[in-house]
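# An overview of the molecular structure
Listed below are the residues making up each chain.
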Amino acid sequence: MNNLQGIIRKSVNNTTTQFDKLGYVGNNFANYTTNGYKSVRFEQMLNENGYLTGALRTDYSQGSIQITSNPYDVAINGQGFIPVTSPTGEVQYTRDGSFKVGKDGYLMTNDDWLVGEGIKIPNNSYKITINPDGTVTSLDNSKSVERKLGTIPLVQFQNQEGLIQGENNKMKSSDASGEAKLVKNHDYIAQNAIESSNTNVYNSVAEMLRLNASMIASLRMAKIVDDMYNKSINIRQS
Amino acid sequence: MKLNAGVRYMDNGLITSLKAMQVQSALIDMSNDNVTGFDKVGYQRKEPVVSAFTEYLGTDGLSTTVDDKVGRLGNSGNPLDLALATKGYFQTQSAEGIKLTRDGRFKLDKNGNLLTLEDAKVLSSSGTPIKLSLIPSDLKDIVVNAKGGLSVFNKITNKLQHVADLGVVNTDGALVMNPEVKQGYNEYSNVSLQNEFLGMMPMIKAFDANRQMFMIESANLTKAISQLGSSS
């Protein structure tokens, strides 16, 4: 559109999408300390006609791994998710491995979702070991043999970018993501470790500076065009 | 304009001023597109071309060319973000036909098709959509070299498996032999905001000047009509 109103609309359109983007960048910052959080990028596409559309993309790159002293802390060092089941029976997928022993002695997430098919931790256990392939073993006392309690499953998706955001740091499968498929013989699981978020502070700040510049520039454009508009309307006055 | 009393007034003076104002606002519109495109991946600056006789033709005398200088490259870390460090375009195919773009933000779907963010298929140098037979669980296993060759690391054979060459073409439709594809980078336009805003100053001033001319002509015309039209 080749008139003043069109310019104002494009400026407003750009300013509001930049503001949306600011919200997503802020969200990544807010989740900087969330375990296993994957940062979300708001990608903007400028069409030939000058209008903007946006798409959300999740960055599934590996977050850094921190060592903890809690034996139930599990990090995934590689691609994949741990399936967890809600109290109502719904299955979702998470990379936040800060587990605990919940009621009835089962291994659970922080918000009481069951890990895998249920791994019962005996309450008199001397030592719990989680192996890199996800098997959980227990020693009853320092001299006994290791007893297998169960396996923390690890699943992968054909297209993990197609996953949709679920509840509380979990993901849900969708048509675009494909079915979850169980990974066997892997060595991705690390005990006594937590994956931190993969939010890149420097990139986020650079992105914020860029969108701020664009937002201010578009607002300035709106002001310039508003002046021209005024002058065009009041062309009869000197 | 011919007044009733037979006085010839400046030919089309008012219209010429109005046309000039329209031309200036159309130029501002192009600058505004550049301002909007400033942080958009793959955007190329539009440059207005003011042809001869635009003072008579008005906005019909305007056209645009694309400034094809390579823009700012920024690291993104995503293996499927590709940028071209040379002149050229990726080819994409959608229901609307084949398009050229410098926006190299690609993704894979669950069948292994290489798609743009708007779900158009990315074409190879042989003109067919690129499809990965082996879908890697980690995007880091996808390697794109500077010539645009896309390969996937096969964990079973421990070798890079060649998939396709990206079809990078220039505006004539000919393949670019050495496209200098950068993996993990995005190209953030070639617009510089300060130049856009500085370039707008003369446009605004020209707009104001023509408005002033219009008002002077209008006042003169009013004066001529009222004086010549009075009976005394």
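Residues numbered from 1 in each chain as written. Chains lettered and ligands numbered in written order. Predicted model: local features only at pLDDT ≥ 70, side-chain atom pairs only at ≥ 80, totals over all residues. Heavy atoms only, no water.

### Topic: the overall build of chain B
Rules: By the criteria applied, helices consist of DSSP H or I runs no shorter than four residues and strands consist of E runs no shorter than two, each listed in order from the N terminus. For a compact globule the rule gives 2.2 Å times the number of residues to the power 0.38, and the radius of gyration it is set against comes from C-alpha atoms. To sort residues, take the accessible area from a 1.4 Å probe on protein chains only and compare it with the maximum for the residue type: under 20% means buried, over 50% means exposed, and anything in between is partly exposed. Residue contacts are defined here by distance: any two heavy atoms, one from each residue, within 4.5 Å place the two residues in contact. Only the protein chains shown count as covering a residue, and every accessible area follows the Shrake-Rupley method with a 1.4 Å probe. When charges are counted, Lys and Arg are positive and Asp and Glu negative, with His and the chain ends excluded. Taken as the charge centre is NZ of Lys, CZ of Arg, CG of Asp or CD of Glu, depending on the residue.
Helix and strand counts for chain B stand at three helices and 15 strands. The C-alpha radius of gyration computed for chain B amounts to 27 Å, which surpasses the reference 17 Å derived for 232 residues by more than 25%, pointing to a less compact arrangement than a globule. Summarising its shape, the C-alpha atoms of chain B cover approximately 105 × 30 × 30 Å along the three principal directions. Within chain B, the proportion of its 232 residues that are buried is 48%. Put simply, of all contacts in chain B between residues at least 6 apart along the chain, 59% involve residues at least 24 apart. Accessible surface for chain B amounts to roughly 11,800 Å². Of this, 54% is attributable to carbon and sulfur atoms. Taking the 24 positively charged and 24 negatively charged side chains of chain B as two groups, their mean positions are separated by 1 Å.

### Focus on the packing of aromatic side chains
Quick reminder of the rule: We call Phe, Tyr and Trp rings a pair once their centres come within 6.5 Å, taking the six-membered ring for Trp, and we label the pair stacked below 30 degrees between planes, edge-to-face above 60, and tilted otherwise. Only Lys NZ and Arg CZ are tested; either one counts as a charge over a ring when it is within 6 Å of the ring centre and within 35 degrees of the ring normal.
With the rule as written, the count across this model stands at six aromatic pairs over all chains. Aromatic ring contacts, followed pair by pair, group A:Y60, A:F81, A:Y93 and A:F157 into a single cluster. A cation over an aromatic ring shows up here: A:K170 above the ring of A:W113, its NZ or CZ 4.4 Å from the ring centre. Over the aromatic face of B:Y188 sits the side chain of A:R210, whose NZ or CZ is 3.8 Å from the ring centroid.

### Regarding the interface of chain A and chain B
The following threshold applies: Once two parts are joined, some of their accessible surface, as seen by a 1.4 Å probe, is lost; buried area is that loss totalled over both. Salt bridge, as applied in this entry: a Lys or Arg side-chain nitrogen positioned within 4 Å of an Asp or Glu carboxyl oxygen. Under the rule applied, a polar contact is a pair of N or O atoms within 3.5 Å (in protein, one hydrogen donor and one hydrogen acceptor; residues adjacent in sequence only if both atoms are side-chain atoms).
Opposite the 48 residues of chain A that make contact, chain B presents 46 residues. When chain A packs against chain B, close to 3,800 Å² is buried across both sides, 57% of that on carbon and sulfur atoms. On the surface where chain A and chain B come into contact, there are six salt bridges. Its salt-bridge partner being A:R41, residue B:D81 comes within 3.0 Å of it at the nearest N-O pair. If you look at where chain A meets chain B, you find 15 residue pairs in polar contact (both at pLDDT 80 or more). When residues of the side of chain A that touches chain B are assigned to their parent elements, the largest contribution, 14 residues, is made by helix α2 (residues 201-233) of chain A.

### A look at the pattern of salt bridges
Within the structure shown, the criterion is met by 27 salt bridges over all chains. Ionic pairing is found between B:D67 and B:K69, a salt bridge with its closest N-O pair at 3.7 Å. Here the salt bridges share partners, and the residues they tie into one network are A:R41, A:E43, A:R57, B:D81, B:D103 and B:R105.

### Comments concerning the environment of A:Q156
Note that A:Q156 resides in strand β13 (residues 155-156). A relative accessible area of 10% means that A:Q156 is categorised as buried. In this structure, the C-alpha to C-alpha distance between A:Q156 and A:P83, residues 73 residues apart in sequence, is 10.0 Å. Beyond its immediate stretch of four places on either side in the chain, A:Q156 contacts A:Q79, A:G80, A:E179, A:A180, A:K181, A:V183, A:Y188 and B:S137. Separated by 3.0 Å, the side chain of A:Q156 and the backbone oxygen of A:Q79 make a polar contact.

### Details of the domain arrangement of chain B
Residue and element names in this part refer to chain B. To be explicit about the condition: The domain limits used here are those given by an automatic or database domain assignment. Three residue categories are used. Nonpolar comprises Ala, Val, Leu, Ile, Met, Phe, Trp, Tyr, Cys and Pro, charged comprises Asp, Glu, Lys and Arg, and polar comprises the others, including Gly.
According to the domain assignment, chain B consists of domain 1 (13-67 + 191-231) and domain 2 (73-187). The C-alpha-based centres of domain 1 and domain 2 are spaced at 41 Å. When the two sides are added together, the surface that domain 1 and domain 2 hide from each other amounts to roughly 460 Å², 51% of it contributed by carbon and sulfur. In terms of surface lost to domain 2, no three residues of domain 1 exceed V41, G42 and Q44, which account for 95% of the buried area on that side. Linking domain 1 with domain 2 are zero salt bridges, by the criterion used here. Taken together, the links from domain 1 to domain 2 amount to two residue pairs in polar contact (both at pLDDT 80 or more). Partitioning the side of domain 1 that touches domain 2 into residue classes produces one nonpolar, two polar and one charged.

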